[in-house]
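Here is how the chains run, residue by residue.
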Amino acid sequence: MCCIGCRAAVEWIATLGLQDYYRLRDTPAQRALPVDDYSAWDRPQVQRLHVRRQRDGSAEACVLVEGLRCPACTWLIERALRDVPGVHDVGVNPAARRLRVVWSPDTITLSQILVRLARLGYVPHPISAEALDALGQREQRAALKRLVVAGLGMMQAMMYAVALYAGAFEGMNPSTRDFFRWIGLLVTTPVIAYSAPVFFIGAWREWRTRRLGMDTPVALAVGLVYLASIFETLRGGSQVYFDSASMFVFLLLSGRYMEMHARHRAADVVDALARLQPALAQRRAASGELETVGVHELETGDTVTIAAGSAIPADGVLLSTTCRVDEALLTGESAPRDRRCGETLVAGSIARSGPIQLRVVHIGAETVLSSIVRLAARAQQQRPRWARLGDRFAARFVAGVLVLSLATACAWLLVDPSRAFAATLAVLVVSCPCAFALSAPTALTRAMAVLARLGVLVVKPDALEKLVRANHFVFDKTGTLTHNCIELAAVTPLSNRSADACLHLAAQLEQANTHPIALAIRAATRTSSHDQASALRNVAGAGVEGEIDGHAFRLGRGSFACAIGHSSTPADDEDVVLADGSGALARFSFRETVREDAMTTIAALRRDGVGVEILSGDSASRVASLAARLGIASFRARMGPAQKLERLQALRDGGAVVAMIGDGVNDAPVLAGADVAIALGGGAQLAHSSADIVLAGDRLGALIDARALARRTLHILRQNIYWAAAYNFTLIPLAAMGWISPWLAAIGMSTSSLFVIFNALRIAAPRKASVDVAADVNLAAAIRPVPA
Amino acid sequence: MNIILVLIPISLVLLVAGVWAFFWGVNNSQFDDLQTPALMPLSDDPPPVRKSGDSAGSE
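Residues numbered from 1 in each chain as written. Chains lettered and ligands numbered in written order. Predicted model: local features only at pLDDT ≥ 70, side-chain atom pairs only at ≥ 80, totals over all residues.

## A few points about the overall build of chain A
Rules: Helix numbering and strand numbering both begin at the N terminus, where a helix is a DSSP run of H or I of at least 4 residues and a strand a DSSP run of E of at least 2. Exposure classes come from backbone-placed C-beta atoms, where a residue is buried if 20 or more other C-beta atoms lie within 10 Å of its own, exposed if 12 or fewer do, and partly exposed in between. The contact criterion used here is simple: two residues whose C-beta atoms, placed from the backbone, lie within 7 Å are in contact.
If you tally the helices and strands in chain A, you get 28 helices and 27 strands. For chain A, with 788 residues in total, the buried portion stands at 46%. Of all intrachain contacts in chain A linking residues separated by at least 6 positions in sequence, the fraction that spans at least 24 positions is 68%.

## Quick look at the confidence of the model for chain A
Residues and elements named next belong to chain A. Going by this rule: pLDDT is a per-residue confidence score from the predictor, ranging from 0 to 100.
Across chain A, pLDDT averages 73, with 69% of residues at or above 70. Mean pLDDT across the secondary structure elements of chain A bottoms out at helix H28 (residues 779-782), with 31, and peaks at helix H7 (residues 174-195), with 90. Low pLDDT, under 50, characterises residues 265-272; the predicted model gives this stretch 33 contacts beyond four residues in sequence or across chains. pLDDT under 50 marks residues 378-387. Its contacts with residues more than four places away, or in other chains, come to 13 contacts.

## Quick notes on unusual backbone geometry
For residues besides glycine, phi is generally negative; the peptide bonds are generally trans as well. Residues and elements named next belong to chain A. Positive phi, normally seen in glycine, also occurs at Arg638, with a value near 55 degrees. Here Arg638 shows up in the loop between strand S24 (634-636) and helix H24 (641-653). Looking at Arg638, the number of C-beta atoms within 10 Å reads 11, which means it is exposed.

## Remarks on the environment of Asp500 of chain A
Residue and element names in this part refer to chain A. For Asp500, the position within the fold is in helix H19 (residues 499-509). You can call Asp500 partly exposed: it has 14 C-beta atoms within 10 Å. Separated by 25 residues in sequence, Asp500 and Thr525 have C-alpha atoms that sit 8.3 Å apart.

## Re the packing of H19 of chain A against helix H20 (residues 516-525) of chain A
All names here are of chain A. Selection rule: Orientation is described by axes fitted as lines to C-alpha atoms, over the contacting stretch for helices, and by angles from 0 to 180 degrees between their N-to-C directions. Roughly parallel means an angle under 35 degrees; roughly antiparallel, over 145; roughly perpendicular, 65 to 115; everything else is oblique. Crossings are sorted by hand: turned counterclockwise from the far helix by less than a right angle, the near helix makes the crossing left-handed, and turned clockwise it makes it right-handed.
Contact geometry for H19 and H20: axes closest at 9 Å, N-to-C directions at 130 degrees. Looking at the two axes, H19 sits oblique to H20. Viewed along their axes, H19 and H20 form a crossing whose handedness is left-handed. Here H19 contributes Leu503, His504, Ala506 and Ala507 to the contact with H20, which in turn contributes Ile521, Arg522, Ala524 and Thr525.

## Focus on the sheet that holds strand S10 (residues 322-326) of chain A
Residues and elements named next belong to chain A. Under the convention used in this document: Strand pairing is assigned whenever DSSP detects at least two bridges linking the two strands.
Taken in spatial order, the three strands of this open sheet run S11-S10-S13, and their pairing is antiparallel. Every other strand in the sheet has two partners, leaving strand S11 (337-340) and strand S13 (350-351) as the edge strands with one partner each. Note: S10 against S13, two bridges, orientation antiparallel. Paired with Val325 across the two strands is Ala351, which belongs to S13.

## Notes on the nonpolar core
All names here are of chain A. To keep it simple, the criterion reads: Here, a nonpolar core means buried Ala, Val, Leu, Ile, Met, Phe, Trp, Tyr and Cys residues linked by C-beta atoms lying within 7 Å of one another.
Residues Val222, Ala659, Met660 and Ile678 are the most contacted members of the largest nonpolar core, which totals 119 residues. Sort the elements by how many residues they give to this core and helix H26 (residues 702-736) lands first, with 15 residues. Not counting the four nearest positions on each side in its chain, Met660 is found in contact with Val474, Leu648, Val670, Leu671, Ala674, Ala677 and Ile678. In this structure, Leu503, Phe553, Ala561 and Val577 belong to the second largest nonpolar core, which totals 28 residues.

## Comments concerning helix H1 (residues 4-27) of chain B
Residue and element names in this part refer to chain B. We count it as follows: To estimate the expected span of a helix, count its residues, drop one, and scale the result by 1.5 Å.
Between its first and last C-alpha, H1 extends 34 Å over 24 residues, near the 34 Å set by a 1.5 Å rise per residue. Within H1, only zero of the 24 residues are buried, which leaves it mostly out in the open. Ser29 occupies a position one or two residues after H1 and carries a positive phi of about 55 degrees.

## Comments concerning helix H17 (residues 462-469) of chain A
With respect to burial, H17 of chain A is a largely interior element, six of its eight residues being buried. Every buried residue of H17 of chain A is listed here: Ala463, Leu464, Glu465, Lys466, Leu467 and Val468 of chain A.

## Observations regarding the environment of Asp705 of chain A
Residues and elements named next belong to chain A. Here Asp705 shows up in helix H26. Here Asp705 falls in the buried class, since 23 other C-beta atoms lie within 10 Å of it. Distance from Asp705 to Leu451, taken between C-alpha atoms, is 8.4 Å for residues 254 residues apart in sequence.

## So, the confidence of the model for chain B
Residue and element names in this part refer to chain B. Overall, the predicted model of chain B reaches an average pLDDT of 70, with 53% of residues at or above 70. In the predicted structure, residues 46-59 sits below a pLDDT of 50 and forms 15 contacts with residues beyond four places in sequence or in another chain. Interface predicted TM-score (ipTM) for the complex: 0.74; the corresponding pTM is 0.53.

Encoded structure:
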């Protein structure tokens, strides 16, 4: 069953005692779905993963819904479920095919809700990575088959059409002509019957919601051209248009196919997030032995062991004395953080040292990770939808054309009934909204293809328009403007030893370490250090100590390093101090590595006259120093996702069109709240589904190229629409007057479509890629010894 | 011209065969991934076998 109407029909069949219809039918795939048993969803082990209890006793779940396509489905599902007693709230996100439902478990069970959903023909799936992959695969295969059938059909139909055109000029006897027409009908029928139903179904949905969209003109044009051609073939009339019908279907399908491809390539945030959480955990049994269990089997109070480098399976309290945790994906904090015994660890973050022991506190849907997922899903639902101008115009145009052709038919029936059909057909064909319908998709498809080559994936076509209109660019800091590593910023000698000498000493002390600070120091020295240091010892969370030429040295936090000589501690916590028995020798300060093209990108944006701002979860001092380096005046530090969303909302309320560029999971809800969301795809690969545009090449500079290209695309799109309008308003009156014969109209229609397509092909990559490497990243230049 | 009465049906049969072969290919995952197989001969080592158990989170 696909809708309420079908369901009513099925119930009617059942009341008439005709259920045998279903038994006798031999195509089970077409059957109204047998409603599966969803009772497994009520089992506590499953509910713990997918259901979250709320304080007022109600429960909330998020499921993936198969067959969810458009606002009509949204409307249907919301209406059908909202009336169910016990269901408090229903939210549907058609783009991500997700349903969020809140219900009270005392009145109704989740399985009952899902059965109701399944009765409507929408199959619920638990949100898991595999479920989505299979769904995407099925969709892709079906689309590819439709495309190829349409393509082959189009080629054949065109071949026979060429024969017919040639025959029309050279003279062809009617029986041969009819033979070619019948063959044309034969090859076009599969295109209409197999490939085009997408448009018919879409048009039917639009009709049901009383909202004329792009599918209506397409379906009408295809349907009318096809039916008219059959009619002409049967009566041996003057002209058939099988080639137009199949070409139209093929071109539109190829546009949709590319759109779908881009959508699939950008990973889905919710599933990527779900993948963050490991599937298995090492649980310490009561006997003290380790056992491997599924994460969903964990209970509050369990003790789990996590090896270094593994992801943490559940929110919990650290039992080991100390641990270094990488929470970059969740908080945007750039450096791994030290956690001590008794502190909370968050599921999905990575243990950098280990093995560690953890007592589980929150599991499954209760974890911080899951709430971020929910926040992201909700923000997506609240996103405002923009109707495209061409869409609305095409809809009005179609209505106008229908009225006009009706008027033409009536007028000619009064004047000269023999010419009525030809004139009406000419109006319909010549005004076939192809040029309108194609103008936006061709330009956008072409733009997306060119952008994909530049490493820019456009997930939502609307984003291009908004990228051009955006006048305020908000950047996340960590992972977006900077890399996820640090570099040495300055060496400040505190004694009579030179900065270079101190650096050399430090490099020897850090020679065997893999800590980010050690890597930064070793990268800065360049000279290969000989193994002169001995008795090296790492002190977790403090620093390193060792002996060089018989002298003891310490490198690390100020308090740790200076403890060696009982000297006073130089201030500033963020820096690392090198000290020996006589006191502090030098202070090393670090900064984050700025992305190579961050400088040029920001400069280019400022040249365009748009506002640039940094919103970061990191500390104020780091954000400030980075903003100063990049020349950004406006920045805010220590912002959580909620505050970032608030800030974006404030900017938008102030009239700005906001583009948000981010990376990392904590940005997902924030990205969804911006007018146009852009994600860098290099590192985390996570924020993608909330993103409208993904910079897959991990190159920030692509943003500038994308903006230039988007501007050109809109320009060409506008040209296309003007052309289509000019063409139609010139030729429709002529056709209505009966001055254009249907075959001439068909040529006119093809020409106007081709014009639109070739015009779209003028969208090309910018001649010069703006990949300039900012000079300030040169490591040698970056280290400026500061006199004491 | 009567030859077209033979040639066109033959072309239609070939068309049907082509569509059938393509559908077979799509249904047998020949078109699911068009990028990776082209690169596989270039890598020296066989790709690591992914165990069903060690799925998420470890990367």
